[in-house]
Structure formats: structure tokens, C-alpha cells
Amino acid sequence: FFFYLFFFNMSGSSSSSSSSKKSNEERIKEYNFDYDFSDEDQVFIIDEDDYKEENITLNENENDIPKEKTSSSNNTTEQLIKGINDNLIEVSENAYDFYIPSSIRRVSAKDINSFIFLRDYVSKNIPVIITDLIDSWPALKKWNISYLKEKLKNTEVTVSITPNGRADSIVDDKYFVEPIEEKMNFVEFVDKFQEGANKPGAPVLYIQYQNGNLSSEFHELLEDIEIKNTLNFASEAFDQIEPDAINLWMGGKNSVSSIHKDFYENIYAVIAGKKYFTLIPPTDFHLLYEKNYKKAKFMNSKHDSSLFGIGTSNPPELVPWISVDPDFPDRNKYPLFSKSKPLRFAVESGEVLYLPSLFYHQVGQGQDDEGKTIAVNFWYDMSFSQNYLLFSLIENMSKLSRNFGKRENDSNNDNSSTNNNNNNN
């Protein structure tokens, strides 16, 4: 179960300066993203008393790249850390030089077959947008609000609810916070998310239940997509008869995911609106400052639906997650991120993105005239081959480097304290 730690009013004012806010919005407009970040700077005040007696080490500074020291006794460790860091940065730079594209490529479905798809994209772990692939899907024409309400009027669906549209995200640089998940009738979901879309302070509702929800909760819509006729090339390339899971995603412009990776090959089809993707290759792991966060969850106040709280898990759990927000990076805190070159693009309605396994991605929404965004994605099990082994090596070497650095910093601090005590005596 979860402890209540605090509540905040969603309509509360932001604590950040207007100049910072304007800068953030201008940066997003460079890519024509139509996010609504009205609540992005909400201040969270969290009571940590629950954790004072828990035997948990967050290593909150484990991602700080150690500064060079002058003590001769530490030269060997310093050289080891510097050598690992330099080589990891070089791997990232070489990936951009040798194979990571500087812009997303679009190819027509008529120019794709299983051999070309496997040779040019899957084997190289390179994303691509495929056009004309789902032109025959009835969903592209049928899935308007009135049709969906009628088709799903008796259907109960799982809905994620957050105060700011950011589910599964980092709060206060200490907590990995999951959304509220609530079962409700589909018609109620549509009415609530449309009502709150342009209402400041309203909860943000989003359908993102990922355990094959198209089959389990939206099976009435399966007749509107043609899996076998359109995805044969993918099934052959991945050597799988059918996808492991098919998921439906639906919401409005206020929902934005945090940067994360999946252990799946992802075929992502946009049905309505558009999706804004920020992609970062797995070779950039060292630049993303992954660390452990306390697992928590948004919780509703029983007395006021405009109030949300955060509860931490009991017993406490830790979740490894990326610290950097690629849209609003703190370059002073995360200096190595400046070496990353995120790939940003929009996937339009009727287009399909191949998102390779292990690629870090952040996804925002661009809504259509009815204020909705809908996508269907197909997850295929990834092959644990050379791409995975390379990523594992980069990940392990990065963690090794930072653990060495942290130990050196701790050792130096201990020695400094001992010397100060001796001098005082």
C-alpha cells in the first residue's frame, strides 16, 4: 500500500521565473510541438520522514562525473575513471558519425519488404517512418468520437490519471511516480478528457494500459485494423508469427511521457492526430545520468478531485530511471548530455514508425480537430543478440565508472574530515 505524503492544488501558481518558462516554451516551439506545459513547474513538497529509518541508499550523487584530483595516491583510479569515461563518450560520438541518422527517414510501404526492413533498419537498430502502410485500415476513417462512443458505450477501460500529464516520471529529483489507474466507462473517459483539455488545473486522462489492451479492453475495434495484411514484413523480419502485445493509446495534447526504453521492437501506427518523438540511441546511455529513485504513485484526495498526493511504496522500492529531461535539460547538472544529439520528429496520422528496441524515447501528442490523439502499437520480442550485448557493456562500464568515482569522492571526504579533526585536536 502507499503512504500519503503531501497534497497540492493543481491550479496553484508555478514557482519558476517567467523568463525560464518562456525559454522552455520557445524551445518546444522550435519543433512545432503543441504541448501544454502549464503545470510543468509545479512545486512538490515531500516529507521524507518515512525514509529516515529505512536502510536505503539512493546514491543521489552517483551520476556526478568526478573532477580530476591532484593526490598522487589516487592517480591510478583517476586514470581508470577518465579512461572509461573517455571511451564511453567516444562510442557515442562514433555512433553518430557511423550510423545514427541526423534526421528520420521516410520510406513508402511499396519500397519495404522483410529483407530490406531487416537489412537496412532492424539489424542496424535504426528507426524509420513508413508511409502508405495502413492506408487500407478502416480505423483511419472510422475512429471519430461519435463512432468510438457508440462502439464502446458498454466498455470499461483502464485510464491513467495525473495532475500534469506526466505519468511514470520523475518528481522532485527523488521520486519515480506512477499514475493513478482507474476503471471507467469509455464514454465517461472521453467526456472527462475533452472537458479538461483546455481547463487549467484539470486532471489529465490518458489511455496507456500496456498489457495488450487492444485485445483485452478494445476488442470491438480489432475489425478496424488489418494486422496480417500490413505487418507480414515485420513478422518475417522479427521471425515471429504475431506480436507479443498490441496496445491502444488515446488522449489529448497534455500527455507527455518521460524518456525511457523498451525491450521490444516497436511498430507504432498513428491513427488520429500526431505523435512527437524525441529519440536518443542506446549508445548515449552514459550521457543520460540514470540513477535510482524511490517508487511512488499519484493518489487522489477523497474530498477534492483537484487535489493530488504522492504516496511512496511500502516496503520502499527503488526504480532506475533517466534523470535528464531532453526537452528541458539542466546542462549545469548534467553536462555530458550536451554531447547527445536527440532525433526529433512528428509521426503524422496514417504513418507508421519503426522504433528499435533499446532506443530511448519521449513521446508527446498533437491532437486532431476533435482534440484527440490515437495510436496503436505492436510490440515484438527483441532479439538478445549483439545490439543488446553492446548496450549491456556500455551500461555496465558506465555504472562501474560512476561507482569508482563515488567511492573516490567518499574516500576523499572521509580523509578530509579525519585531517580536520586531527588539526582541531
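Predicted model only: the values in this text are computed from it and were never measured.

**Observations concerning the sheet that holds strand E7 (residues 180-185)**
Taken in spatial order, the three strands make up an open sheet running E7-E4-E8, and their pairing is antiparallel. With partners counted over all chains shown, the strands left at the sheet margins are E7 and strand E8 (204-206), one partner each. Strand-to-strand twist of the sheet, defined as the mean angle between neighbouring strand axes without regard to direction, takes the value 40°. Here three bridges tie strand E4 (residues 156-162) to E8, and the two strands are oriented antiparallel to one another.

**Some details on the packing of aromatic side chains**
Under the definition given, this model contains 18 aromatic pairs. Relative to Phe189, the ring of Phe186 has its centre 5.9 Å away and its plane inclined at 45°; by these criteria the two rings are tilted. Taken together, the residues span about one helical turn, with Phe186 and Phe189 both in helix H6 (residues 186-196) at a distance of three residues. Here the two residues Phe186 and Phe189 agree in accessibility, since each one is buried. Their ring planes at 90° and their centres at 6.2 Å tell us that Phe298 and Phe308 sit as a pair that is edge-to-face. Pair noted here: Phe298 is in strand E12 (residues 290-300) and Phe308 is in strand E13 (residues 307-313), with a separation of ten residues, a long-range link. Across the pair, exposure class does not vary: Phe298 and Phe308 are buried alike.

**A short note on the pattern of salt bridges**
Tallying each qualifying case throughout the model produces 20 salt bridges. A salt bridge links Arg106 to Glu351; the shortest N-O distance between them is 3.0 Å. Of this pair, Arg106 sits in strand E2 (residues 106-108) while Glu351 sits in the loop between strand E15 (343-348) and strand E16 (352-355), and the two are 245 residues apart along the sequence. Accessibility expressed as a relative area gives 40% for Arg106, which makes it partly exposed. Here Lys372 and Asp368 are joined by a salt bridge, their closest N and O atoms 2.6 Å apart. Asp368 gets classed as partly exposed once you look at its relative accessible area, which sits at 22%. In the salt-bridge network here, residues are joined through shared partners; they are Asp173, Lys291 and Lys333.

**So, the confidence of the model for the protein**
Chain-level pLDDT for the protein is 82 on average; 76% of the residues reach the 70-or-more range. Note on residues 1-70: pLDDT is under 50 here. Beyond four places in sequence and across chains, it has 153 contacts.

**Observations regarding the sheet that holds strand E3 (residues 128-131)**
Within the open sheet, the six strands sit side by side as E2-E3-E16-E10-E18-E9. Their pairing is mixed. Where the open sheet ends on each side, the last strands, each with one partner, are E2 and strand E9 (245-251). Strand-to-strand twist of the sheet, defined as the mean angle between neighbouring strand axes without regard to direction, takes the value 25°. By the bridge criterion, three bridges tie E3 to E16 in an arrangement that is antiparallel. Within the sheet, the bridge partner assigned to Ile129 lies in E16 and is Leu353.

**Quick look at the pairing of strand E18 (residues 373-381)**
Each regular strand shows side chains that alternate between the opposite faces of the sheet. Extensive coverage of E18 is indicated by the burial of eight of its nine residues. Of the strand pairs in this sheet, E9 and E18 are connected by seven bridges, and their pairing is antiparallel. Across the sheet, the residue bridging to Ala245 is Trp379, located in E18. Taken together, the eight bridges between strand E10 (residues 264-272) and E18 define a ladder with antiparallel strand orientation. Within E18, the position partnered with Tyr264 by the bridge is Asp381.

**Considering the nonpolar core**
Ranked by size, the top nonpolar core spans 58 residues in total, and within it Phe117, Trp143, Phe186, Phe189, Leu248, Met250 and Ile267 carry the most contacts. Looking at this core element by element, the count peaks at five residues for helix H8 (residues 227-238).

**Some remarks on H6**
Taken as a whole, H6 has its buried residues at Phe186, Phe189, Val190, Phe193 and Gly196. What you see down the axis of H6 is that its buried residues fit within an arc of 150°, all on one side. Looking at the buried residues of H6, the elements they touch are helix H5 (145-151), E4, E7, E8 and E9. At the N-terminal boundary of H6, the capping side chain belongs to Asn185, with an oxygen 2.8 Å from the backbone nitrogen of Val187.

**So, the packing of helix H3 (residues 114-122) against H8**
Between H3 and H8, the least distance of the axes is 8 Å, while the angle of their chain directions is 60°. Taken together, the axes of H3 and H8 are oblique relative to one another. The two elements H3 and H8 meet at a crossing, and its hand is right-handed. Residues Ser114, Phe117, Leu118 and Val122 of H3 lie in contact with H8, whose contacting residues are Phe233, Ala234, Glu236, Ala237 and Phe238. Class assignment for the residues of the contact of H3 with H8 results in seven nonpolar, one polar and one charged.

**So, unusual backbone geometry**
The backbone of Asp172 sits at a positive phi, close to 60°, despite the residue not being glycine. One non-glycine residue, Asp173, adopts positive backbone phi at about 60°. For Asp173, the position within the fold is in the loop between strand E5 (169-171) and strand E6 (175-178).

About the thresholds
Residues numbered from 1 in each chain as written. Predicted model: local features only at pLDDT ≥ 70, side-chain atom pairs only at ≥ 80, totals over all residues. Heavy atoms only, no water. Pairing = 2+ DSSP bridges. Helix = DSSP H or I, 4+ residues; strand = E, 2+ residues; numbered from the N terminus. Axes fitted to C-alpha atoms, helices over the stretch in contact; angles between N-to-C directions. Phe/Tyr/Trp six-rings, centres within 6.5 Å; stacked < 30°, edge-to-face > 60°. Buried < 20%, exposed > 50% of the residue type's maximum accessible area, 1.4 Å probe, protein only. Salt bridge = Lys/Arg side-chain N within 4 Å of Asp/Glu carboxyl O. pLDDT = per-residue confidence, 0-100. Contact = heavy atoms within 4.5 Å. Core = buried A, V, L, I, M, F, W, Y, C linked by side-chain atoms within 4.5 Å. Arc of directions from axis to C-beta. Polar contact = N/O pair within 3.5 Å; in protein donor to acceptor, adjacent residues only side chain to side chain. Parallel < 35°, antiparallel > 145°, perpendicular 65-115°, else oblique. Left-handed = near helix turned anticlockwise from the far one by under 90°. Nonpolar A, V, L, I, M, F, W, Y, C, P; charged D, E, K, R; others polar.

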